Structure formats: structure tokens, C-alpha cells
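Structure at a glance
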Amino acid sequence: MKKKFYLILVLICSVFIVGGCNDIDSIKEKGIILKLIESDQWSEAKMNLEKEEFKSIEDYQALYSYVDARNDYNNNENGNISYEPIISKLRSIDLDTYNGVLKAEIEDFKDELIGERDKFYKEFYAKQSKEEKESREETIKSHKQEDKIVAKEIKKKVSNLIKIKDYESVIDLIILHTHLDKDIHNLYIFASAQLEREKGDEESMIDYLELIPMAYEGEYANLISDVKLSIQPKDKWLEAERYISEIREKPIQEKERIVVYLPAIGMTAAEMRISSWGTPNKINKTTYEFGIHEQWVYSDYRYVYLEDGIVTAIQE
């Protein structure tokens, strides 16, 4: 009986001794990790934490997540940091329950990293916006130069047609090019008016001519002005211009007949089509990684820019 009692006592002591040794080892291993962290040796700290004998230290998971995050941050190539995975590792540490010696350091690093990420994205999108703006401006400049060349060629071709009053051929030639410049736009309206006159529809002819301002001083100004003044005096044309201007600027009222809106930033593509500018003569569409950019081309060098179906800029 006495021999059995001594055997049990020996076993109990052995458990306490082994447990005590493990605690001592755990404290020692944690000290190694903390020392490596203090000296910014993140790779060595991570390598040690992945060893079996280090996995029993206090707050192992919090220490490992922090060291892993710092190691990823320090090992980024060419400054290209993947912020979200690193922040995700830091967020896996429950700082409400973790009260270890590194709590303040972890909180500070997480806050700094989130601030750094936000600054990076702000600068990135600002740069991208600037580059896109410069690209659009260059495209517009290029289009204008091309338009001038095409317009010059068209004016050469229509000159003889105007002399012989072949307005149907004039329209066929310029109908797809009314956006090129004000002269061609007004010539198209004038030619349409002359065709209505040939049909005997005086009212429609006047409706067309009212769209050409008396202040127009372009290449066909004398031709158009002579015809208009042969029909009615200048003050009548000016009165019609004022009426058209008022109609275009009048807002839509409830239960009233629909009148046109002027184009405005923030309109949808559908709203733009029923604005005073109507449907564009041409749409240049470009699909980017971040969305769809459209340039709507109108006559008189007017352009509307849309991002994902919303008007963002208007150029007149």
C-alpha cells in the first residue's frame, strides 16, 4: 500500500515538473519572437512561428497574424503593395480581447496602413482621371483637325451643286457630315428648305429657315440671307428666333405638352436624346476597365461626354 502511494506521488510530481518546463519553454520562445519583432526581423519571426515548438506560446494566433502581415508589407516588390490582404490579416486579430504587449503597436500599424491605402487609391484615381482627360482632349483635337479637312473637301464638291440649285444632291452629299462645322450644318437646313419650296410647302420651308440665325456670317451667309429677306423682312425672322429660344429654354411643367430641356450634366442617355440637342449625329464609344466612355457628336462642334450612361461634360 505504501509502495503504491509513493508511485502515485512520483507521477503527480512528474506532471507538475513537465508542465512547468513547458511553461518555461513557452516563455522563452515568446521572448525570442518578441526580440525578433523589436528588431524588425519579420521573416525570421514568421519562420520561427511556423515551427511546431513555437505554436504553444501565449497569443500565438494574434502574433502570427501580425508577423505575417508585417512580413507581406516589407516584402512587396517595387513598392506595389497589395493592401487588402494585409489589412485582412490585421483585422483577423480581435483587439477587443487581445491585451498582449503588442496591442498598441498592432493598432497603430493597422491605422497607418489603412491611411496609406486610402491615399494610394486617391492618388491613383486622380492620376487616371487626369490621363483620361488629356486623352479626351487629344482625341477632340484630332477629330477637329480631321473634321476641317473633310469639311473643306465637301464644300468644294457642293459649290457647283449650289450654282445649279441641285439641292437634293447637296443633301445627299452632306447629310452624314452636318456635325463638321456650322457652314455645312446651315447649308443642310437651307437645302432642306429649298426642297420644301420646290414641293410647294411654303410653311415647312419657313420652319427650316427659322432655324438659321440672322446673325450667321459663315460661307453661305449671303446666299441664305438673300433668300430669307426675299420671303419676309428681317424683324419677322428675329421674332421667330426669339420664340424658338424661349421654347428651348422653357422647363417641362406637369400636365403641359412636352417641351425640350437643354442638355445638362447628370442627365441619362435617354434624357439627353429628348433634350433640345436630340439624337447625336455620331457616337464614339470606348470601353475601359472601369466603365464605358462615350462621346456624342453634334453639329456646330458640340460634344457631349457620358460615363456609364450619365452625362459628365458638355462642350459647345
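Residues numbered from 1 in each chain as written. Predicted model: local features only at pLDDT ≥ 70, side-chain atom pairs only at ≥ 80, totals over all residues. Heavy atoms only, no water.

Brief notes about the packing of helix α4 (residues 83–91) against helix α5 (residues 103–163)
Our working definition: Where helices are involved, their axes are fitted lines through C-alpha atoms of the stretch in contact, as for all axes, and angles between N-to-C directions lie from 0 to 180°. Under the scheme used here, helices are H or I runs from DSSP no shorter than 4 residues and strands are E runs no shorter than 2 residues, and both carry numbers assigned from the N terminus. Each angle receives one of four descriptions, namely roughly parallel if under 35 degrees, roughly antiparallel if over 145, roughly perpendicular if within 65 to 115, and oblique otherwise. Definitions for this section: a left-handed crossing has its near helix turned counterclockwise from the far helix by less than a right angle. A right-handed crossing has that turn clockwise. Contacts: residue pairs with any heavy atoms within 4.5 Å of one another. The residue classification treats Ala, Val, Leu, Ile, Met, Phe, Trp, Tyr, Cys and Pro as nonpolar and Asp, Glu, Lys and Arg as charged. All others, Gly included, are polar.
Viewed as axis vectors pointing N to C, α4 and α5 meet at an angle of 155°, and their least axial separation amounts to 10 Å. Put simply, α4 runs roughly antiparallel to α5. Between α4 and α5 lies a crossing of left-handed hand. Taking contact as the criterion, the partners of Tyr83, Glu84, Ile86, Ile87, Leu90 and Arg91 in α4 are, on α5, Ile106, Phe109, Lys110, Leu113, Ile114, Glu116, Arg117, Phe120 and Tyr121. Residue composition of the contact of α4 with α5, by class: ten nonpolar, no polar and five charged.

Details of a nonpolar patch on the surface
Definition in use: Within this analysis, patches are made of residues with over 30% relative accessible area and no salt bridge. Like charges are joined at 9 Å or less; nonpolar side chains (Val, Leu, Ile, Met, Phe, Trp, Tyr) at 5 Å or less. We get accessible surface area from the Shrake-Rupley algorithm with a probe of 1.4 Å; when it comes to residues, only the shown protein chains can shield them. One speaks of a salt bridge when a side-chain nitrogen belonging to Lys or Arg is within 4 Å of a carboxyl oxygen belonging to Asp or Glu. The rule is simple: take the accessible area with a 1.4 Å probe, protein chains only, and divide by the maximum for that residue type; under 20% is buried, over 50% is exposed, in between is partly exposed.
Taken together, the side chains of Phe120, Tyr121, Phe124 and Tyr125 make up a nonpolar region of the molecular surface, amounting to roughly 360 Å² of accessible area. Positionally, Phe124 belongs in helix α5. A relative accessible area of 35% means that Phe124 is categorised as partly exposed.

Some thoughts on the pattern of salt bridges
For the structure on display, the rule yields 13 salt bridges. Notably, a salt bridge pairs Lys89 with Asp68, separated by 3.1 Å at the nearest N-O pair. Taken as a pair, Lys89 in helix α4 and Asp68 in helix α3 (residues 60–74) lie far apart in primary sequence, 21 residues in all. A salt bridge links Asp183 to Lys155, with the nearest nitrogen and oxygen atoms 3.0 Å apart. A residue pair is termed long-range when its members are at least 10 positions apart, and Asp183 in helix α7 (residues 182–199) and Lys155 in helix α5 qualify at 28 residues.

Some details on the environment of Ala191
Tracing the backbone shows Ala191 in helix α7. The buried category is assigned to Ala191, whose relative accessible area is 0%. Between the alpha carbons of Ala191 and Asp166 there is a distance of 8.8 Å; along the sequence they are 25 residues apart. Here Ala191 is in contact with Tyr167, Val170 and Ile171, once residues within four sequence places are set aside.

Section: the pairing of strand β4 (residues 310–315)
Threshold: Pairing between two strands is assigned when DSSP locates at least 2 bridges connecting them.
Where strand β3 (residues 302–307) and β4 come together, five bridges link them in antiparallel fashion. Bridging from a neighbouring strand, Tyr303 pairs with Gln315 of β4.

Here's the deal with the nonpolar core
Stated formally: Among buried residues, those of type Ala, Val, Leu, Ile, Met, Phe, Trp, Tyr and Cys that are joined through side-chain atoms within 4.5 Å constitute a nonpolar core.
Among the nonpolar cores identified, the biggest contains 29 residues, and Ile37, Leu49, Tyr66, Leu90, Leu102, Ile106 and Leu113 are the most heavily contacted of them. Those elements giving two or more residues to this core turn out to be α1 (2–38), α2 (42–49), α3, α4 and α5. Ranked by the residues each element gives to this core, the list is headed by α3, at eight residues. Those residues in contact with Leu102, other than ones at most four positions away along the chain, are Leu34, Ile37, Leu63 and Tyr66. By size, the runner-up hydrophobic cluster in this structure holds 27 residues, among which are Val158, Tyr167, Val170 and Ile171.

Observations regarding the layout of surface pockets
Inclusion rule: Throughout, the protein atoms alone are placed on a 1 Å grid, and a set of points is a cavity if a 1.4 Å probe fits but cannot get out or a pocket if it is open with protein on both sides within 12 Å along at least five of seven lines; lining residues have an atom within 4 Å of a point. Grid points are joined across faces, edges and corners, and a volume is the space filled by probe spheres set on the points.
Roughly 170 Å³ of internal volume is contained in the second largest pocket. Considering the residues around the second largest pocket, the lining is formed by 14 residues, among which Asp147, His179, Leu180, Lys282 and Val297 are closest to the centre. Mapped by element, the contributors of at least two residues to the lining of the second largest pocket are α5, β1 (282–288) and β2 (291–298). The leading source of residues in the lining of the second largest pocket is α5, at four residues.

Focus: α7
Each α-helix turn comprises 3.6 residues. Residues three or four places apart therefore point the same way. As a reminder, the rule being used: Residue count minus one, scaled by 1.5 Å, sets the expected span of a helix.
Taking 1.5 Å per residue, 18 residues should reach 26 Å; α7 reaches 26 Å between its end C-alpha atoms and fits that length. Judged by how many residues are buried, α7 sits mostly within the fold: 13 of 18 residues are covered. Positive phi appears at Gly200, one or two residues downstream of α7, with a value of about 90°.

What about the packing of aromatic side chains?
Counted only if it meets this: Stacked, edge-to-face and tilted are the three classes for Phe, Tyr and Trp ring pairs, Trp counted by its six-membered ring, which pair at centre distances within 6.5 Å; planes under 30 degrees apart are stacked, over 60 edge-to-face, the rest tilted.
Under the definition given, this model contains eleven aromatic pairs. For the ring pair Tyr66 and Phe109, a centre distance of 6.2 Å and an interplane angle of 75° mean the geometry is edge-to-face. Of this pair, Tyr66 sits in helix α3 while Phe109 sits in helix α5, and the two are 43 residues apart along the sequence. What makes Tyr66 buried here is its relative accessible area of 0%. Overall, Phe109 belongs to the buried group, its relative accessible area being 6%.

Just geometry here; none of it tells us what the structure is for.
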